[in-house]
Amino acid sequence: MKRIELILEKNDGLLWGRVESNGWMPTPYGITISEVIENLKELVNDHITHEGKNDTDWNRIDWSKVIFEFKYDLVAFFETFNYLNLSAIASKIGINRTLLNHYKTGLKHPSAEQAKKIEDAIHTLASELGKVKLVA
């Protein structure tokens, strides 16, 4: 089982991915995450066919056994999970909703500390939702 960390960013209406590895960094793109993954597969196949014939990191990939771990910049995150309520998240973090919206749109960029606070709030929200039980 191979784990691939795929960092996703949003720019010019596209999702851009990057996989940081030794010697070669593929940067796939697409409108959806599925398209980014398909583009990554094409880039890797081209790489190992040409300049990466001896690249042991990429040469033996069995795509059916790859587990992707996604990391998002805030623009890509909020666009991918656009059903999240910015006001509620901003309130949970204790920051101004307008500032969070600026991060969401890419107008401003958070510090690493601020991004971690946002990430922690999202994980807390996910944990709370995971405990919900509905009745009919």
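Residues numbered from 1 in each chain as written. Predicted model: local features only at pLDDT ≥ 70, side-chain atom pairs only at ≥ 80, totals over all residues. Heavy atoms only, no water.

Engineer: Explain the overall build of the chain to me, using residue names and the numbers behind them.
Structural biologist: Check the secondary structure of the chain and you find 6 helices and 4 strands. Starting at the N terminus and ending at the C terminus, the chain contains elements arranged as β-β-β-α-α-β-α-α-α-α. Its C-alpha radius of gyration of 18 Å places the chain more than 25% over the 14 Å reference for a compact globule of 136 residues. In terms of overall dimensions, the chain has a C-alpha envelope of 50 × 40 × 25 Å along the principal axes. (Helix = DSSP H or I, 4+ residues; strand = E, 2+ residues; numbered from the N terminus. Rg over C-alpha atoms; globule rule 2.2 N^0.38 Å.)

Engineer: Which residues make up the layout of surface pockets, and what are the values?
Structural biologist: To find leftover empty space, one rolls a probe the size of a water molecule over the atoms. Its volume calculated, the largest pocket comes out at about 570 Å³. Taken together, 22 residues make up the lining of the largest pocket; nearest its centre are Y72, F77, E119, I122 and H123. At the level of elements, β1 (2–11), β4 (66–72), α3 (74–80) and α6 (112–130) are the ones that each hand at least two residues to the lining of the largest pocket. Here the lining of the largest pocket takes 8 residues from α6, the largest share from any one element. In the lining of the largest pocket, the residues fall into 15 nonpolar, 1 polar and 6 charged. (1 Å grid on protein atoms, 1.4 Å probe; cavity = no way out; pocket = protein on both sides within 12 Å on 5 of 7 lines; lining within 4 Å. Points joined across faces, edges and corners; volume = space filled by probe spheres on them. Nonpolar A, V, L, I, M, F, W, Y, C, P; charged D, E, K, R; others polar.)

Engineer: Tell me about the nonpolar core, and name the residues and values.
Structural biologist: Formed by 16 residues in total, the largest nonpolar core has its most connected members in I4, L6, L8, V19, W58 and F68. Within the second largest apolar cluster, 14 residues are counted, among which are L74, F77, I93 and A121. (Core = buried A, V, L, I, M, F, W, Y, C linked by side-chain atoms within 4.5 Å. Buried < 20%, exposed > 50% of the residue type's maximum accessible area, 1.4 Å probe, protein only.)

Engineer: How would you sum up the sheet that holds β4? Please name residues and give values.
Structural biologist: Taken together, 4 strands build an open sheet; the order of strands is β3-β2-β1-β4 and the sheet is mixed. Taken across any chain shown, the strands that pair with only one partner, and hence form the sheet edges, are β3 (29–30) and β4. Here β1 pairs with β4 via 7 bridges, running parallel. Along β4, the bridge assignment pairs E5 with E69. (Pairing = 2+ DSSP bridges.)

Engineer: Residues and numbers for the side chain of N39, please.
Structural biologist: As for its placement among the helices and strands, N39 is situated in helix α1 (residues 33–49). Taking relative accessible area as the criterion, N39 reaches 15% and is therefore assigned buried. Apart from the residues within four sequence positions on either side, N39 is in contact with T27, P28 and Y29. (Contact = heavy atoms within 4.5 Å.)

Engineer: Describe the side chain of K10, naming the residues involved and giving the relevant values.
Structural biologist: Following the sequence through the fold, K10 ends up in strand β1. With relative accessibility at 17%, the residue K10 sits in the buried group. At a separation of 2.8 Å, a polar atom in the side chain of K10 contacts the side chain of E79. What K10 contacts, discounting residues up to four positions off in sequence, is L15, D73, V75, A76 and E79. (Polar contact = N/O pair within 3.5 Å; in protein donor to acceptor, adjacent residues only side chain to side chain.)

Engineer: Hey, could you go over a nonpolar patch on the surface for me, with residue numbers and the actual values?
Structural biologist: On the surface, a nonpolar cluster with roughly 350 Å² of combined accessible area is contributed by L129, V132 and L134. Residue class for L129 comes out exposed when judged on its relative accessible area of 55%. (Patch = residues over 30% accessible without salt bridge, like charges linked within 9 Å, V, L, I, M, F, W, Y side chains within 5 Å. Areas by Shrake-Rupley, 256 points an atom, 1.4 Å probe, with all protein chains shown as cover. Salt bridge = Lys/Arg side-chain N within 4 Å of Asp/Glu carboxyl O.)

Engineer: Tell me what's going on with the packing of helix α4 (residues 86–93) against helix α5 (residues 97–105), and back it up with residues and numbers.
Structural biologist: Look at α4 against α5: their axes get within 9 Å of each other, and the N-to-C directions meet at 115 degrees. In terms of axis orientation, α4 runs roughly perpendicular to α5. Crossing geometry of α4 relative to α5 is assigned as right-handed. Residues L86, S87, I89 and A90 of α4 form the contact with α5, whose participating residues are R97, L100, N101 and K104. (Axes fitted to C-alpha atoms, helices over the stretch in contact; angles between N-to-C directions. Parallel < 35°, antiparallel > 145°, perpendicular 65-115°, else oblique. Left-handed = near helix turned anticlockwise from the far one by under 90°.)

The analysis is restricted to geometry; functional conclusions fall outside its scope.
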